[in-house]
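# Secondary and tertiary structure notes
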Amino acid sequence: MPPNRAQRPKDTKPPQTGADEKATLRGFLDYLRNAVADKVAGAPEPQVRMGGVPSGTNLLGLLRHLAFVERFYFLGEDVGDWGATMRPSAQDTVDGVLADYRKAVERANQVIDACPDLALPAPRPPRPGPAPSMRWVLVHMIEETGRHAGHADILRERIDGSTGR
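Structural notes, computed from the coordinates. Bear in mind that the values here come from a model prediction, so they are computed numbers and not experimental data.

## Some points on the pattern of salt bridges
Under the definition given, this model contains 14 salt bridges. Salt-bridge contacts for D153 lead to K39; the nearest nitrogen and oxygen are separated by 3.5 Å. Placement of D153 in helix 4 (residues 134-160) and of K39 in helix 1 (residues 21-40) is noted, with a sequence separation of 114 residues between them. Judged by its relative accessible area of 35%, D153 is partly exposed. In this structure K39 comes out as buried when scored by relative accessible area, which is 2%. A salt bridge links R127 to D78, with the shortest nitrogen-to-oxygen separation between them at 3.0 Å. With R127 in the loop between helix 3 (94-114) and helix 4 and D78 in the loop between helix 2 (59-75) and helix 3, this pair connects stretches of sequence that are 49 residues apart. For R127, a relative accessible area of 36% puts it in the partly exposed group. Owing to a relative accessible area of 49%, D78 belongs among the partly exposed residues under this scheme. Among the charged side chains, a network of salt bridges with common partners joins R26, D30, R33, E70 and D113.

Have a look at this one:
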């Protein structure tokens, strides 16, 4: 199928630099969050939940997983089975998973915005050892979301030929 670059308008410009550290990190994270959400938005059923690679990774599962990751690192919610976060249920819909992801991001951004010093520990479920700093979590989330944004690019192109951010 030929690329469909006009299917979803996208902001292809990275965030502006020159802001303070927290604004820069959050700007790049939001940029990647939007890229992943845009790849899932409008993806057709049932292809959005079908594995596009031998591991079974699928677009809806990627976005569902990222919502769990946001809640884990920024809201301190525990995850019992990380593998299950990648598997959408029959009841999960594109609109529902997108709304859940956006709500997790909104809540995470409230936590980020309220953090007065990136050296302070981020919220997290009880675990042995010290919690990572908010700075570490922001950098890790840029890495995690960027990695899955690349997966989403490939999966969406395999579904309907749609390319671009």
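So, next bit.
## Let's talk about helix 4
Taking 1.5 Å per residue, 27 residues should reach 39 Å; helix 4 reaches 38 Å between its end C-alpha atoms and fits that length. G161 sits one or two residues past helix 4 and shows a positive phi near 80 degrees.

## Some remarks on the packing of helix 1 against helix 3
In contact at an axis separation of 11 Å, helix 1 and helix 3 are set at 175 degrees when each is read in the N-to-C sense. Taken together, the axis directions place helix 1 and helix 3 in an arrangement best described as roughly antiparallel. On the side of helix 1, the interface is formed by K22, R26, D30, R33, A37 and V40, while helix 3 contributes V94, L98, Y101, R102, V105, A108, N109, I112 and D113. In terms of residue class, the contact of helix 1 with helix 3 is built from 8 nonpolar, 1 polar and 6 charged.

The rules behind the values
- Residues numbered from 1 in each chain as written.
- Predicted model: local features only at pLDDT ≥ 70, side-chain atom pairs only at ≥ 80, totals over all residues.
- Heavy atoms only, no water.
- Salt bridge = Lys/Arg side-chain N within 4 Å of Asp/Glu carboxyl O.
- Helix = DSSP H or I, 4+ residues; strand = E, 2+ residues; numbered from the N terminus.
- Buried < 20%, exposed > 50% of the residue type's maximum accessible area, 1.4 Å probe, protein only.
- Expected span 1.5 Å × (residues − 1).
- Axes fitted to C-alpha atoms, helices over the stretch in contact; angles between N-to-C directions.
- Parallel < 35°, antiparallel > 145°, perpendicular 65-115°, else oblique.
- Contact = heavy atoms within 4.5 Å.
- Nonpolar A, V, L, I, M, F, W, Y, C, P; charged D, E, K, R; others polar.

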